[in-house]
Amino acid sequence: GYSVFTPFRMLDGTTILIERGWIAMGNTRDVVPVFSTPSGNVSVEGYFGSAPEFGLDLKESKGAYEQLGTNIQRVQRIRPKDMEPHLNIEIMDLIVYLKANELGALDTSRYTPGSGAERHEAYALQWFSMAMILLFIGALRLRKWVRSE
């Protein structure tokens, strides 16, 4: 699927990219996803953030820009400043991540960075499981050793 970014011109004339969420890809990459974009004076609510760190990082290809249709471009890794020549506008380097209930929002289920405790709990479970397995093997060997004497 695709993360959808739409340029948004603010009242002061500054343009910023709005991350509207995710949309499923068709059966092949040749199928251009269909979605609507609000027009006119629109108020949006979200939070500012830096560009996401997913996608292929092809610096020499300037983000692997592809024109899919009128006003639809596909980019392997979004970099707002690299999009300026393709959109013929100046874009702020920050991105607004749209809230789920906003006009024009798509699937906005996002990973929110946390404390990282999940990884540590999984690591602890892995070692606890290994200790239980080794204890079980040790008990079997001790039982076998006691019987042989």
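Thresholds applied
Residues numbered from 1 in each chain as written. Predicted model: local features only at pLDDT ≥ 70, side-chain atom pairs only at ≥ 80, totals over all residues. Heavy atoms only, no water. Pairing = 2+ DSSP bridges. Helix = DSSP H or I, 4+ residues; strand = E, 2+ residues; numbered from the N terminus. Axes fitted to C-alpha atoms, helices over the stretch in contact; angles between N-to-C directions. Contact = heavy atoms within 4.5 Å. Salt bridge = Lys/Arg side-chain N within 4 Å of Asp/Glu carboxyl O.

K.L.:
Help me understand the sheet that holds strand E6 (residues 91–98), please; the structure alone is not making it clear to me.
P.N.:
Spatial ordering of the open sheet is given by E1-E2-E6-E3, a layout of four strands whose pairing is mixed. Each edge of the open sheet is held by one strand with a lone partner, namely strand E1 (2–9) and strand E3 (46–49). The mean inter-strand angle of the sheet, taken between neighbouring strand axes irrespective of direction, is 35°. Pairing of strand E2 (residues 15–23) with E6 involves four bridges; the strand directions are parallel. Residue pairing for E6: Leu 17 is matched across the bridge by Ile 95. Seen against the sheet, helix H1 (residues 80–87) touches E1, E2 and E6 and runs at an angle of roughly 105° to E6.

K.L.:
What exactly am I supposed to notice about the side chain of Thr 6 here?
P.N.:
The topology assignment puts Thr 6 in strand E1. For Thr 6, the residues in contact, after removing those within four places along its chain, are Ile 16, Leu 17, Ile 18, Arg 20 and Thr 37.

K.L.:
What is the right way to look at the pattern of salt bridges in this model?
P.N.:
Note that side chains of opposite charge can pair when their charged atoms are close. Scanning the entire structure with this criterion turns up one salt bridge. Where Lys 99 meets Glu 45, a salt bridge forms, and the shortest distance between an N and an O atom there is 2.9 Å. Linking Lys 99 in the loop between E6 and helix H2 (117–148) with Glu 45 in the loop between E2 and E3, this pair joins segments that are 54 residues apart in sequence.

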